[in-house]
Amino acid sequence: MTGRVITITSGKGGVGKTTATANISAALADMGHKVVCMDADIGLRNLDVVLGLENRIVYDLVDVVEGRCKVRQAMIRDKRLEELYLIPAAQTRDKNAVAPKDMVRICDELRQDFDYIVIDSPAGIERGFKNAIAPADEVVIITNPEVSAVRDADRIIGLVEAEQKGPAKLVVNRINTEMVERGDMLAVADVLELLAVELIGIVPDDSAVLVSTNKGAPIALEPKSKTGQAFRDIARRLTGEEVPFSASNGNEGFLGRLSKLIGTKEGRNA
Amino acid sequence: MTDVDATQIDIKGIREGLLVTLGEGDWPQLEQALMGELQRRGDFLKGAKLIINVDAHELNVASMSRLRDQVTDSGQLLWGVLSSSAQTERSAQLMGLATRIHDGSREAEAEDAEEYYEEAALQDLGPDSGILVRRTLRSGASVHSPGHITIIGDVNPGAEVIAGGNVVVWGRLRGLVHAGANGDEGAIVCAMDLAPTQLRIAGHIAIPPSERGEISPEIARVQAGQVIAENWTLG
């Protein structure tokens, strides 16, 4: 088995990297893939909290790097999904406890046993970010429809290209469709026009995400939730499936403009 | 001159190790001051690779091997000797010491700053030459040239383009642009969509209005001490 390493990053903090990591991992595992997600945010861990696994941590990523335990021992199995594991970050150390080559080594080991290794990157462009993208086969950028987040995403896309990990894929998180219709928010189309990378997901702004995060239960596992569906669609697109963007999260004009843009972008790449 | 001030000895980290620069003075005093300094900072410098710049002092093989032994005794390694004297350089080479360091500063900086444009290669260009960049410049990217710059692609907000000559963007220009950066008031900036965060020509700075009408190719230049932009039309 040769697993794919997918790194979730953003540049700017607070756009939903950890939530996206938890939900995409859960959705992939729910589809029957063997998945391990890894928290690369050493010192500010929270993927364990979002997955509701905080109280089961014995060993962490830094313990693996420094040889105090085997990778297997640091993996925590999810409560709900048989095939989902978490490798938590250390809370009492900092980013410098791990080097990019450590991440490559650990991921190479994990590739043999898992279909997908999903890495939650810390915010920023320093060591933690470099650690997170060093082993990546694919990089997914999370952004919000807001100028500062898009600006940072643009910078990150450039850095990912420079590290030859590109082209990155894009998820626009926290889209409020009503506001987009009123023209209040930077629409997805505007974001895409600037960033010009492949869009693999649009996630609505939904207070249910907050509730599920606080409960430690990924919303991707709630079959009726539209937001959960958005994350499941992202997971399917990551596996290579063609999933059309659902018409329910926007009016026709918006979607029309969007598909036109996606069309142009593909034309440009050809 | 007999007294050598130890404060004139400068030690700084470079890629290869520590570069030691000596002050003025006669060699025996300099050597003594150096050894004193190495011993004083012994713990801090333990095991360090030293590259010593002896400037024009002439050292034969015997005095250089004495220097090496003393450095070894004080717990460091003499790795290289830089000198403008051919005699000294030859002695160093005979002893297998490095006599050249590559200027790592630019390289290291470029790596750190994630500069993915080879600025170094552009240094030799004269003002009448130019470069062509065929990609989109994203936030954080920067292109500099003493000549002209043509970009086929967009210049996103947060990216910068700085040219001694003119700047032509075959795409959307939304970042910072500076044409005529060396003071040429005749420089121009043109783009398919001219909407930079800031536009500079020579010493003039303009902030384009945020409200814009229909997008069309525009050209900006300095006229009567003001930066103006007009539609770029055929004929």
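Residues numbered from 1 in each chain as written. Chains lettered and ligands numbered in written order. Predicted model: local features only at pLDDT ≥ 70, side-chain atom pairs only at ≥ 80, totals over all residues.

Undergrad: Report on the overall build of chain A, specifying residues and quantitative values.
TA: Of the regular secondary structure elements, chain A holds twelve helices and eight strands. Evaluated residue by residue, chain A yields a buried proportion of 51% over its 270 residues. Sequence-distant contacts, at least 24 apart, represent 76% of the contacts inside chain A between residues at least 6 apart. (Helix = DSSP H or I, 4+ residues; strand = E, 2+ residues; numbered from the N terminus. Buried ≥ 20, exposed ≤ 12 C-beta atoms within 10 Å, placed from the backbone. Contact = placed C-beta atoms within 7 Å.)

Undergrad: Please set out the overall build of chain B residue by residue, giving values where relevant.
TA: Of the regular secondary structure elements, chain B holds five helices and 15 strands. At a minimum sequence separation of 6, the contacts of chain B that also span at least 24 residues come to 35%.

Undergrad: Explain the interface of chain A and chain B to me, and be specific about the residues and the numbers.
TA: Counting residues at the interface gives nine residues for chain A, matched by ten residues for chain B. Residue contributions to the side of chain A that touches chain B peak at seven residues, all from helix H7 (residues 147-162) of chain A. By residue class, the composition of the side of chain A that touches chain B is five nonpolar, one polar and three charged. (Nonpolar A, V, L, I, M, F, W, Y, C, P; charged D, E, K, R; others polar.)

Undergrad: How would you explain the sheet that holds strand S5 (residues 130-133) of chain B if you had to name every residue and give the values?
TA: Residues and elements named next belong to chain B. Across the sheet, which stays open at both edges, the six strands sit in the order S5-S7-S9-S11-S14-S15 with mixed pairing between neighbours. The outermost strands of the open sheet, each flanked by one partner alone, are S5 and strand S15 (226-231). Each adjacent strand pair in this sheet contributes to an overall mean axis angle of 25 degrees, direction not counted. Examined bridge by bridge, strand S7 (residues 148-152) and strand S9 (residues 167-173) share four bridges and lie parallel to one another. (Pairing = 2+ DSSP bridges. Axes fitted to C-alpha atoms, helices over the stretch in contact; angles between N-to-C directions.)

Undergrad: Kindly report on the pairing of strand S7 (residues 169-175) of chain A, identifying the contributing residues and their values.
TA: Residues and elements named next belong to chain A. Most of S7 is tucked away, with six of its seven residues classed as buried. Pairing analysis gives four bridges linking strand S6 (residues 138-143) to S7, with the strands arranged parallel. By the bridge assignment, Ile 141 is partnered in S7 with Leu 170. When S7 meets strand S8 (residues 198-204), the two strands line up parallel, connected through five bridges. In the strand pairing of S8, Ile 175 is matched with Pro 204.

Undergrad: Outline the pairing of strand S6 (residues 142-145) of chain B, supporting the account with residue identities and numerical values.
TA: Successive side chains on a regular strand alternate, one facing one side of the sheet and the next facing the other. Residue and element names in this part refer to chain B. Here S6 shows a buried face lined by Val 143 and Ser 145 and an unburied face lined by Ser 142 and His 144. Both S6 and strand S8 (residues 160-163) contribute to a ladder of four bridges, which runs parallel. Of the residues in S8, the one forming a bridge with Ser 142 is Glu 160.

Undergrad: Go over the nonpolar core, please, and point to the residues and values.
TA: In this structure, Leu 61, Ile 117 and Leu 195 of chain A are the most contacted members of the largest nonpolar core, which totals 87 residues. Discounting chain neighbours no more than four positions away, the residues touching Leu 195 of chain A are Val 150, Ala 153, Asp 154, Ile 157 and Leu 170 of chain A. Core analysis: the second largest hydrophobic core is formed by 24 residues, Ile 151, Val 177, Ala 191 and Val 222 of chain B among them. (Core = buried A, V, L, I, M, F, W, Y, C linked by C-beta atoms within 7 Å.)

Undergrad: So what's going on with the sheet that holds strand S12 (residues 198-201) of chain B? Residues and values would help.
TA: All names here are of chain B. Across the sheet, five strands lie side by side as S6-S8-S10-S12-S13; this open sheet has mixed pairing. Each edge of the open sheet carries a strand with a single partner, namely S6 and strand S13 (204-206). Between one strand and the next, the sheet's axes are offset by a mean angle of 10 degrees, whatever the strand orientation.

Undergrad: Describe helix H1 (residues 17-30) of chain A, and please don't skip the residues or the numbers.
TA: All names here are of chain A. For H1, built from 14 residues, the straight-helix expectation of 20 Å at 1.5 Å per residue is met to within 8% by its first-to-last C-alpha distance of 19 Å. Within H1, 14 of the 14 residues are buried, which leaves the element mostly enclosed by the surrounding structure. The positive-phi residue at the C-terminal boundary of H1 is Gly 32, with phi of around 105 degrees. (Expected span 1.5 Å × (residues − 1).)

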